[in-house]
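Below, each chain spelled out in residue letters.
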Amino acid sequence: MAPQGLSTINLTSLPKRAEGKVRNLYDVDENTLLFVTTDRISAYDVVMNNAVPYKGAILTQITKHWFSVLTERVPGLKTHFITTDVPTSLTPEEAAEIKDRSMVVRKLEVVQIEAIVRGYVTGSAFKEYQKSQTVHGIKLPAGLRECDAIPDGPIYTPSTKAPLGQHDENISPQQAKEYLIKQYPGGKGEKIADRIAELAVQIFKAGQEYAAERGIILADTKFEFALDPETGDIILADECLTPDSSRYWPKDKYEPGRDQESFDKQFLRNYLTENGLKGKPNVTVPEDILAATSERYQDVFERLVGKKLQDVIKA
Ligand code: ATP
Ligand code: MG
(Lines give C-alpha, C1' and ligand atoms only; values in the text may rest on other atoms or scores of the structure.)
(Ligands and ions follow the chains in the order given, each with its own letter.)
Protein backbone atom coordinates (compact mmCIF):
# COMPACT_ATOMS: atom_id res chain seq x y z
CA MET A 1 0.00 0.00 0.00
CA ALA A 2 1.16 3.54 -0.71
CA PRO A 3 2.41 5.46 2.36
CA GLN A 4 -0.27 7.52 4.10
CA GLY A 5 0.19 11.06 5.35
CA LEU A 6 -0.27 11.76 9.05
CA SER A 7 -2.95 14.31 10.01
CA THR A 8 -2.97 13.94 13.79
CA ILE A 9 -0.17 13.30 16.25
CA ASN A 10 -0.84 10.87 19.07
CA LEU A 11 1.56 11.92 21.75
CA THR A 12 0.57 11.97 25.42
CA SER A 13 3.89 11.59 27.27
CA LEU A 14 4.56 15.32 27.08
CA PRO A 15 2.14 18.17 27.81
CA LYS A 16 0.79 19.79 24.63
CA ARG A 17 1.41 23.49 24.60
CA ALA A 18 -0.16 24.54 21.30
CA GLU A 19 -1.61 23.24 18.07
CA GLY A 20 -1.36 25.27 14.84
CA LYS A 21 -2.52 24.64 11.29
CA VAL A 22 0.40 22.31 10.61
CA ARG A 23 2.33 21.79 13.87
CA ASN A 24 1.90 20.60 17.44
CA LEU A 25 4.15 22.00 20.17
CA TYR A 26 4.94 20.13 23.39
CA ASP A 27 6.81 21.14 26.53
CA VAL A 28 9.93 19.03 27.02
CA ASP A 29 11.22 20.95 30.04
CA GLU A 30 11.43 24.52 31.27
CA ASN A 31 13.66 25.67 28.43
CA THR A 32 12.87 23.44 25.49
CA LEU A 33 9.96 22.54 23.23
CA LEU A 34 9.23 19.64 20.92
CA PHE A 35 8.19 21.09 17.56
CA VAL A 36 6.29 18.42 15.58
CA THR A 37 5.22 18.89 11.96
CA THR A 38 2.26 16.87 10.64
CA ASP A 39 1.62 16.05 6.97
CA ARG A 40 -1.42 18.34 6.84
CA ILE A 41 -1.67 20.58 3.79
CA SER A 42 -3.66 23.72 3.15
CA ALA A 43 -4.54 25.38 -0.15
CA TYR A 44 -6.43 28.62 -0.59
CA ASP A 45 -6.42 28.88 3.25
CA VAL A 46 -8.28 25.60 3.83
CA VAL A 47 -6.71 22.51 5.40
CA MET A 48 -7.49 19.31 3.44
CA ASN A 49 -9.06 16.25 5.14
CA ASN A 50 -6.20 13.95 4.21
CA ALA A 51 -2.47 14.52 4.29
CA VAL A 52 0.63 14.42 2.06
CA PRO A 53 3.03 11.51 2.71
CA TYR A 54 6.46 12.69 4.01
CA LYS A 55 5.51 16.39 4.04
CA GLY A 56 6.20 16.85 7.78
CA ALA A 57 9.58 15.15 7.49
CA ILE A 58 10.42 17.21 4.41
CA LEU A 59 9.56 20.52 6.08
CA THR A 60 11.50 19.58 9.22
CA GLN A 61 14.59 18.38 7.36
CA ILE A 62 14.56 21.41 5.02
CA THR A 63 14.39 23.72 8.05
CA LYS A 64 17.28 21.89 9.74
CA HIS A 65 19.33 22.12 6.55
CA TRP A 66 18.67 25.83 6.12
CA PHE A 67 19.59 26.56 9.75
CA SER A 68 22.95 24.97 9.16
CA VAL A 69 23.55 26.69 5.78
CA LEU A 70 22.43 30.09 7.09
CA THR A 71 24.44 30.05 10.31
CA GLU A 72 27.48 29.50 8.09
CA ARG A 73 26.58 32.24 5.64
CA VAL A 74 25.09 34.94 7.88
CA PRO A 75 27.59 36.22 10.46
CA GLY A 76 26.26 36.22 14.02
CA LEU A 77 23.02 34.40 13.19
CA LYS A 78 21.49 32.34 16.01
CA THR A 79 18.56 29.93 15.61
CA HIS A 80 16.21 28.19 18.04
CA PHE A 81 17.29 24.73 16.82
CA ILE A 82 18.76 22.24 19.31
CA THR A 83 18.45 18.72 17.86
CA THR A 84 16.33 16.35 15.77
CA ASP A 85 16.96 13.56 18.30
CA VAL A 86 13.65 12.67 19.91
CA PRO A 87 13.28 13.22 23.68
CA THR A 88 14.00 10.12 25.75
CA SER A 89 10.77 10.56 27.72
CA LEU A 90 8.65 9.33 24.77
CA THR A 91 7.36 5.77 24.38
CA PRO A 92 8.90 3.78 21.49
CA GLU A 93 5.61 4.13 19.54
CA GLU A 94 5.57 7.90 20.01
CA ALA A 95 9.24 8.17 19.07
CA ALA A 96 8.59 6.21 15.85
CA GLU A 97 5.61 8.42 14.97
CA ILE A 98 7.45 11.73 15.29
CA LYS A 99 10.86 10.59 14.04
CA ASP A 100 12.16 12.80 11.18
CA ARG A 101 9.25 15.22 11.55
CA SER A 102 10.23 16.79 14.85
CA MET A 103 12.91 18.93 16.37
CA VAL A 104 13.70 20.09 19.87
CA VAL A 105 14.00 23.87 20.00
CA ARG A 106 14.64 26.55 22.60
CA LYS A 107 11.40 27.72 24.20
CA LEU A 108 11.34 31.43 23.46
CA GLU A 109 9.13 34.49 23.31
CA VAL A 110 8.20 34.84 19.63
CA VAL A 111 8.01 38.42 18.37
CA GLN A 112 4.42 38.90 17.20
CA ILE A 113 5.25 40.10 13.68
CA GLU A 114 5.53 37.99 10.54
CA ALA A 115 8.87 39.02 9.06
CA ILE A 116 8.05 38.68 5.37
CA VAL A 117 10.73 39.43 2.79
CA ARG A 118 9.91 39.78 -0.89
CA GLY A 119 12.28 39.64 -3.84
CA TYR A 120 9.50 39.66 -6.44
CA VAL A 121 6.10 41.33 -6.84
CA THR A 122 3.58 38.52 -6.67
CA GLY A 123 0.42 37.50 -4.79
CA SER A 124 -1.05 40.11 -2.44
CA ALA A 125 1.96 42.37 -3.08
CA PHE A 126 1.21 42.52 -6.81
CA LYS A 127 -2.46 43.26 -6.10
CA GLU A 128 -1.46 46.22 -3.91
CA TYR A 129 1.08 47.37 -6.49
CA GLN A 130 -1.58 47.42 -9.23
CA LYS A 131 -3.80 49.62 -7.06
CA SER A 132 -1.28 52.09 -5.65
CA GLN A 133 2.20 51.31 -7.02
CA THR A 134 3.17 50.38 -3.46
CA VAL A 135 3.97 47.12 -1.64
CA HIS A 136 3.14 47.22 2.10
CA GLY A 137 3.08 51.00 1.65
CA ILE A 138 6.56 51.09 0.09
CA LYS A 139 6.63 53.00 -3.21
CA LEU A 140 8.11 51.03 -6.12
CA PRO A 141 9.02 52.15 -9.65
CA ALA A 142 6.23 52.20 -12.27
CA GLY A 143 5.89 49.54 -14.95
CA LEU A 144 6.57 46.35 -12.98
CA ARG A 145 4.88 43.23 -14.34
CA GLU A 146 3.45 40.41 -12.22
CA CYS A 147 6.37 38.38 -10.75
CA ASP A 148 9.04 40.89 -11.79
CA ALA A 149 12.03 41.15 -9.43
CA ILE A 150 11.96 44.19 -7.16
CA PRO A 151 14.51 46.48 -8.86
CA ASP A 152 16.67 47.49 -5.89
CA GLY A 153 16.63 44.04 -4.29
CA PRO A 154 14.54 42.28 -1.65
CA ILE A 155 12.46 44.36 0.75
CA TYR A 156 11.17 43.76 4.27
CA THR A 157 7.36 43.68 4.15
CA PRO A 158 5.98 42.63 7.54
CA SER A 159 2.48 41.56 8.50
CA THR A 160 0.57 41.18 11.71
CA LYS A 161 0.50 37.69 13.23
CA ALA A 162 -3.20 36.94 13.55
CA PRO A 163 -4.54 34.26 15.91
CA LEU A 164 -5.61 30.90 14.38
CA GLY A 165 -8.59 31.31 12.04
CA GLN A 166 -7.95 34.99 11.36
CA HIS A 167 -6.02 36.50 8.47
CA ASP A 168 -2.68 38.28 8.80
CA GLU A 169 -2.69 41.86 7.61
CA ASN A 170 0.07 43.42 5.50
CA ILE A 171 1.64 46.45 7.19
CA SER A 172 4.52 48.80 6.46
CA PRO A 173 7.91 48.49 8.23
CA GLN A 174 7.03 51.74 10.04
CA GLN A 175 3.75 50.28 11.33
CA ALA A 176 5.59 47.17 12.51
CA LYS A 177 8.03 49.39 14.38
CA GLU A 178 5.24 51.36 16.05
CA TYR A 179 3.57 48.11 17.10
CA LEU A 180 6.82 46.78 18.59
CA ILE A 181 7.52 50.05 20.41
CA LYS A 182 4.14 49.59 22.15
CA GLN A 183 4.93 45.93 22.92
CA TYR A 184 8.44 46.61 24.19
CA PRO A 185 8.70 50.08 25.75
CA GLY A 186 11.81 51.91 26.90
CA GLY A 187 13.69 51.99 23.59
CA LYS A 188 13.70 48.20 23.30
CA GLY A 189 10.97 47.99 20.65
CA GLU A 190 12.74 50.22 18.18
CA LYS A 191 15.94 48.19 18.47
CA ILE A 192 14.03 44.93 17.99
CA ALA A 193 12.21 46.31 14.94
CA ASP A 194 15.41 47.58 13.30
CA ARG A 195 17.33 44.38 13.97
CA ILE A 196 14.55 42.16 12.58
CA ALA A 197 14.23 44.30 9.43
CA GLU A 198 17.99 44.13 8.85
CA LEU A 199 18.43 40.46 9.70
CA ALA A 200 15.40 39.28 7.69
CA VAL A 201 16.72 40.81 4.45
CA GLN A 202 20.25 39.57 5.14
CA ILE A 203 19.05 35.97 5.68
CA PHE A 204 16.76 36.17 2.67
CA LYS A 205 19.59 37.28 0.37
CA ALA A 206 21.78 34.43 1.60
CA GLY A 207 18.87 32.07 0.94
CA GLN A 208 18.29 33.44 -2.56
CA GLU A 209 21.94 33.00 -3.43
CA TYR A 210 22.02 29.42 -2.18
CA ALA A 211 18.76 28.52 -3.99
CA ALA A 212 19.93 30.14 -7.24
CA GLU A 213 23.00 27.88 -7.20
CA ARG A 214 20.46 25.02 -7.38
CA GLY A 215 18.25 26.34 -10.17
CA ILE A 216 15.61 27.69 -7.83
CA ILE A 217 14.23 31.19 -7.44
CA LEU A 218 13.35 32.09 -3.85
CA ALA A 219 10.65 34.69 -4.55
CA ASP A 220 9.52 35.50 -1.01
CA THR A 221 9.28 34.07 2.47
CA LYS A 222 8.09 34.56 6.03
CA PHE A 223 10.45 34.36 8.98
CA GLU A 224 9.58 34.38 12.67
CA PHE A 225 12.00 35.76 15.20
CA ALA A 226 12.22 35.36 18.95
CA LEU A 227 14.07 37.05 21.81
CA ASP A 228 16.97 35.56 23.71
CA PRO A 229 15.92 36.14 27.34
CA GLU A 230 19.53 36.42 28.54
CA THR A 231 21.18 38.59 25.91
CA GLY A 232 18.18 40.26 24.24
CA ASP A 233 19.51 39.00 20.89
CA ILE A 234 17.15 38.29 18.00
CA ILE A 235 16.94 34.56 17.25
CA LEU A 236 15.61 32.92 14.09
CA ALA A 237 12.74 30.61 15.15
CA ASP A 238 9.90 28.54 13.67
CA GLU A 239 10.22 26.72 10.32
CA CYS A 240 12.72 28.28 7.92
CA LEU A 241 12.57 28.74 4.14
CA THR A 242 10.30 25.75 3.63
CA PRO A 243 7.96 25.47 0.63
CA ASP A 244 5.10 26.23 3.09
CA SER A 245 6.57 29.52 4.27
CA SER A 246 8.14 30.55 0.94
CA ARG A 247 7.46 30.82 -2.76
CA TYR A 248 9.94 28.73 -4.73
CA TRP A 249 9.90 28.85 -8.53
CA PRO A 250 11.84 26.70 -11.00
CA LYS A 251 14.34 29.09 -12.61
CA ASP A 252 14.10 27.52 -16.06
CA LYS A 253 10.32 28.15 -16.23
CA TYR A 254 10.40 31.70 -14.87
CA GLU A 255 8.63 34.24 -17.05
CA PRO A 256 7.42 37.58 -15.66
CA GLY A 257 4.04 38.95 -16.75
CA ARG A 258 2.09 35.99 -15.38
CA ASP A 259 1.73 33.95 -12.21
CA GLN A 260 4.53 31.36 -11.84
CA GLU A 261 4.10 27.65 -11.34
CA SER A 262 5.12 26.91 -7.77
CA PHE A 263 7.21 23.85 -7.00
CA ASP A 264 4.89 22.23 -4.54
CA LYS A 265 1.18 22.97 -4.46
CA GLN A 266 0.40 23.41 -8.15
CA PHE A 267 -1.06 19.92 -8.60
CA LEU A 268 -3.37 20.36 -5.66
CA ARG A 269 -4.42 23.88 -6.65
CA ASN A 270 -5.17 22.74 -10.23
CA TYR A 271 -7.19 19.80 -8.95
CA LEU A 272 -9.23 22.06 -6.66
CA THR A 273 -9.95 24.72 -9.31
CA GLU A 274 -10.75 22.18 -12.04
CA ASN A 275 -13.24 20.45 -9.74
CA GLY A 276 -14.92 23.55 -8.34
CA LEU A 277 -13.42 22.90 -4.88
CA LYS A 278 -11.29 26.02 -4.54
CA GLY A 279 -11.67 27.43 -1.01
CA LYS A 280 -14.34 24.83 -0.09
CA PRO A 281 -14.17 23.11 3.31
CA ASN A 282 -14.14 19.34 3.91
CA VAL A 283 -12.21 18.25 0.82
CA THR A 284 -10.77 14.74 0.61
CA VAL A 285 -8.04 14.75 -2.03
CA PRO A 286 -7.63 11.70 -4.34
CA GLU A 287 -4.60 9.52 -3.55
CA ASP A 288 -2.87 10.19 -6.88
CA ILE A 289 -2.99 13.97 -6.33
CA LEU A 290 -1.52 13.51 -2.83
CA ALA A 291 1.21 11.24 -4.20
CA ALA A 292 2.05 13.74 -6.98
CA THR A 293 2.17 16.55 -4.40
CA SER A 294 4.46 14.47 -2.20
CA GLU A 295 6.79 13.95 -5.16
CA ARG A 296 6.93 17.70 -5.77
CA TYR A 297 7.85 18.33 -2.12
CA GLN A 298 10.55 15.65 -2.40
CA ASP A 299 11.82 17.31 -5.55
CA VAL A 300 12.31 20.68 -3.78
CA PHE A 301 13.91 18.85 -0.87
CA GLU A 302 16.41 17.05 -3.08
CA ARG A 303 17.30 20.18 -5.01
CA LEU A 304 17.85 22.24 -1.86
CA VAL A 305 19.53 19.65 0.32
CA GLY A 306 21.38 17.80 -2.45
CA LYS A 307 20.46 14.37 -1.04
CA LYS A 308 17.63 11.87 -1.55
CA LEU A 309 14.98 12.18 1.16
CA GLN A 310 15.18 8.44 1.85
CA ASP A 311 18.92 8.77 2.59
CA VAL A 312 18.27 11.45 5.17
CA ILE A 313 15.33 9.87 6.98
CA LYS A 314 16.37 6.21 6.87
CA ALA A 315 16.99 4.13 10.02
P1 ATP B 1 0.78 29.22 10.06
O2 ATP B 1 2.21 28.77 10.05
O3 ATP B 1 -0.05 28.53 9.07
O4 ATP B 1 0.67 30.73 10.07
P5 ATP B 1 0.79 28.84 12.83
O6 ATP B 1 2.07 29.54 12.72
O7 ATP B 1 -0.27 29.31 13.73
O8 ATP B 1 0.14 28.77 11.45
P9 ATP B 1 2.18 26.31 13.16
O10 ATP B 1 3.19 26.66 12.13
O11 ATP B 1 1.42 25.06 13.00
O12 ATP B 1 1.02 27.37 13.29
O13 ATP B 1 2.80 26.33 14.65
C14 ATP B 1 4.04 26.87 14.99
C15 ATP B 1 3.88 27.84 16.18
O16 ATP B 1 5.06 27.80 17.01
C17 ATP B 1 3.75 29.29 15.75
O18 ATP B 1 2.76 29.92 16.52
C19 ATP B 1 5.13 29.90 16.07
O20 ATP B 1 5.08 31.27 16.32
C21 ATP B 1 5.53 29.12 17.29
N22 ATP B 1 7.00 29.03 17.53
C23 ATP B 1 7.98 28.88 16.62
N24 ATP B 1 9.21 28.77 17.20
C25 ATP B 1 9.01 28.86 18.55
C26 ATP B 1 9.89 28.85 19.70
N27 ATP B 1 11.21 28.67 19.57
N28 ATP B 1 9.34 28.99 20.93
C29 ATP B 1 7.99 29.14 21.06
N30 ATP B 1 7.11 29.16 20.03
C31 ATP B 1 7.60 29.02 18.78
MG1 MG C 1 3.63 28.51 11.20
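This text follows the structure it describes.
All values reported here derive from a predicted model rather than from experimental measurement.

This next bit is on the environment of Val-305. Within the fold, Val-305 resides in helix α7 (residues 287-305). When the C-alpha atoms of Val-305 and Lys-64 are compared, they prove to be 9.9 Å apart, with 241 residues separating the residues in sequence.

Moving on, we come to the layout of surface pockets. Of the voids in this model, the second largest pocket is the one considered here, and its volume is about 220 Å³. When residues in the lining of the second largest pocket are grouped by element, the largest group, four residues, is from helix α5 (residues 188-212). A class-by-class count of the residues in the lining of the second largest pocket yields four nonpolar, two polar and seven charged.

Most peptide bonds adopt trans geometry, and most residues besides glycine take a negative phi value. The backbone of His-136 shows a phi angle near 50 degrees, a positive value even though the residue is not glycine. Here His-136 shows up in the loop between β10 (134-135) and β11 (138-139). The phi dihedral of Leu-241 is positive, around 50 degrees, even though this residue is not glycine. With respect to the secondary-structure elements, Leu-241 resides in the loop between β15 (234-237) and β16 (246-250).

Looking now at the packing of aromatic side chains. The full count for this structure, using the stated rule, is seven aromatic pairs. A centroid spacing of 4.9 Å and a plane angle of 65 degrees characterise the contact between Trp-66 and Tyr-210, whose relative ring orientation is edge-to-face. Taken as a pair, Trp-66 in helix α1 (residues 55-73) and Tyr-210 in helix α5 lie far apart in primary sequence, 144 residues in all. Judged by relative accessible area, which is 0%, Trp-66 ranks as buried. Residue Tyr-210 is classed as buried on the basis of its relative accessible area of 5%.

Neighbouring residues of ligand 1: 17 residues in total, closest Lys-21, Arg-23, His-80, Arg-106 and Glu-224. Interatomic distance of 3.2 Å between a side-chain N/O atom of Lys-161 and an oxygen atom of ligand 1. The separation between an oxygen atom of ligand 1 and a polar side-chain atom of Glu-224 is 2.5 Å. Protein coverage of the free-state accessible area of ligand 1, which is 630 Å², stands at 82%. At the level of secondary structure, the elements contributing two or more residues to the shell around ligand 1 comprise β2 (23-27), β3 (32-37), β7 (102-106) and β14 (216-227). Partitioning the shell around ligand 1 into residue classes produces eight nonpolar, two polar and seven charged.

Rules used throughout
Residues numbered from 1 in each chain as written. Chains lettered and ligands numbered in written order. Predicted model: local features only at pLDDT ≥ 70, side-chain atom pairs only at ≥ 80, totals over all residues. Heavy atoms only, no water. Helix = DSSP H or I, 4+ residues; strand = E, 2+ residues; numbered from the N terminus. 1 Å grid on protein atoms, 1.4 Å probe; cavity = no way out; pocket = protein on both sides within 12 Å on 5 of 7 lines; lining within 4 Å. Points joined across faces, edges and corners; volume = space filled by probe spheres on them. Nonpolar A, V, L, I, M, F, W, Y, C, P; charged D, E, K, R; others polar. Phe/Tyr/Trp six-rings, centres within 6.5 Å; stacked < 30°, edge-to-face > 60°. Buried < 20%, exposed > 50% of the residue type's maximum accessible area, 1.4 Å probe, protein only. Near = heavy atom within 4 Å. Polar contact = N/O pair within 3.5 Å; in protein donor to acceptor, adjacent residues only side chain to side chain. Areas by Shrake-Rupley, 256 points an atom, 1.4 Å probe, with all protein chains shown as cover.

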